[in-house]
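Okay, here's what each chain looks like letter by letter:
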Amino acid sequence: MRCLLDEFANIGEIPNFDKLIATIRSREVSACIVLQAKSQLKAIYKDNADTIEGNYDITLFLGGKEKTTLKEISESLGKETIDSLNASQSKGTSESYGTNYQKLGKELMTQDELNVMDGGKCILQLRGVRPFFSDKFNITHHKNYPLLSDEHPENAFNLEEFAMAAAKKREEHRAEIGLDEEVEQYVIQTE
């Protein structure tokens, strides 16, 4: 079973969710939590937010501006090694030259770079794999896109039609098995 928990911050607190998220995988259940910002999780689950986040296998960052989220994403991406070569020359009574070679660490993406990230890009972090920067998938290129109401409004789900069809089917089923017939009821008392 897969639970898609969109607008997770707006559905209210799920009791013991920090314990559930840690155990449901062993029961073939997954939960996809969708948040606008990591601070929303902390606002609802307080100290347990870190436990919940620690049980994520995948983090998909689509972009955002919230400072806490940007800071945490930047830190989790890690650093890259860059080479720095400095050359110096001093002139005077005796001329001297010097070179200095250093290996430095630079954040893969700074908070500023994440803040202005192209809207068509995303960052996927999968447990056990280095994060990667990718293009977002354009759903209009999917073979089943014409089945969506975005492409054809007549494909939109109509809740009223669905509810009426379900009620009609339920009534047909009741009639078929005779649930609408009168029955005699006997009550047996025991001592």
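Just above sits the structure.
As a starting point, this report considers the structure included with it. Since this is a predicted model, take the numbers as computed values, not measurements.

1. Some details on the overall build of the chain
At step 1: Scanning the chain for helices and strands turns up six helices and seven strands.
At step 2: Start at the N end of the chain and walk to the C end: the helices and strands fall as β-α-β-α-α-β-α-β-β-α-β-β-α.
At step 3: Considering only C-alpha atoms, the chain reaches an extent of 120 × 55 × 25 Å along its principal axes.
At step 4: The 191 residues of the chain split such that 16% are buried.

2. Side note on the sheet that holds strand 3 (residues 58-61)
At step 1: Overall, antiparallel pairing links the three strands, which are arranged 3-6-7 in an open sheet. Of all strands in the sheet, those with a lone pairing partner are strand 3 and strand 7 (132-135), marking the two edges. Sheet twist, expressed as the average angle between the axes of neighbouring strands with direction ignored, equals 25°.
At step 2: Here four bridges tie strand 6 (residues 121-126) to strand 7, and the two strands are oriented antiparallel to one another. Looking across to strand 7, one finds that Leu-124 is bridged to Phe-132.

3. Thoughts on the state of the cysteines
Covalent bonding between the sulfur atoms of two cysteines is what defines a disulfide.
At step 1: All told, the structure shown has zero disulfides when counted by the stated rule.
At step 2: Free of any disulfide, Cys-32 has its nearest neighbouring cysteine sulfur in Cys-3, separated by 8.5 Å.
At step 3: This cysteine, Cys-122, is not joined by any disulfide, and Cys-32 carries the nearest cysteine sulfur, 15 Å off.

4. Observations concerning a nonpolar patch on the surface
At step 1: A cluster of nonpolar side chains, namely Ile-58, Leu-126, Val-129 and Phe-132, defines an oily patch on the protein surface of about 340 Å² accessible area.
At step 2: Its place among the elements puts Val-129 in the loop between strand 6 and strand 7.
At step 3: The class for Val-129 is partly exposed, based on a relative accessible area of 44%.

About the cut-offs
- Residues numbered from 1 in each chain as written.
- Predicted model: local features only at pLDDT ≥ 70, side-chain atom pairs only at ≥ 80, totals over all residues.
- Heavy atoms only, no water.
- Helix = DSSP H or I, 4+ residues; strand = E, 2+ residues; numbered from the N terminus.
- Buried < 20%, exposed > 50% of the residue type's maximum accessible area, 1.4 Å probe, protein only.
- Pairing = 2+ DSSP bridges.
- Axes fitted to C-alpha atoms, helices over the stretch in contact; angles between N-to-C directions.
- Disulfide = S-S within 2.5 Å.
- Patch = residues over 30% accessible without salt bridge, like charges linked within 9 Å, V, L, I, M, F, W, Y side chains within 5 Å.
- Areas by Shrake-Rupley, 256 points an atom, 1.4 Å probe, with all protein chains shown as cover.
- Salt bridge = Lys/Arg side-chain N within 4 Å of Asp/Glu carboxyl O.

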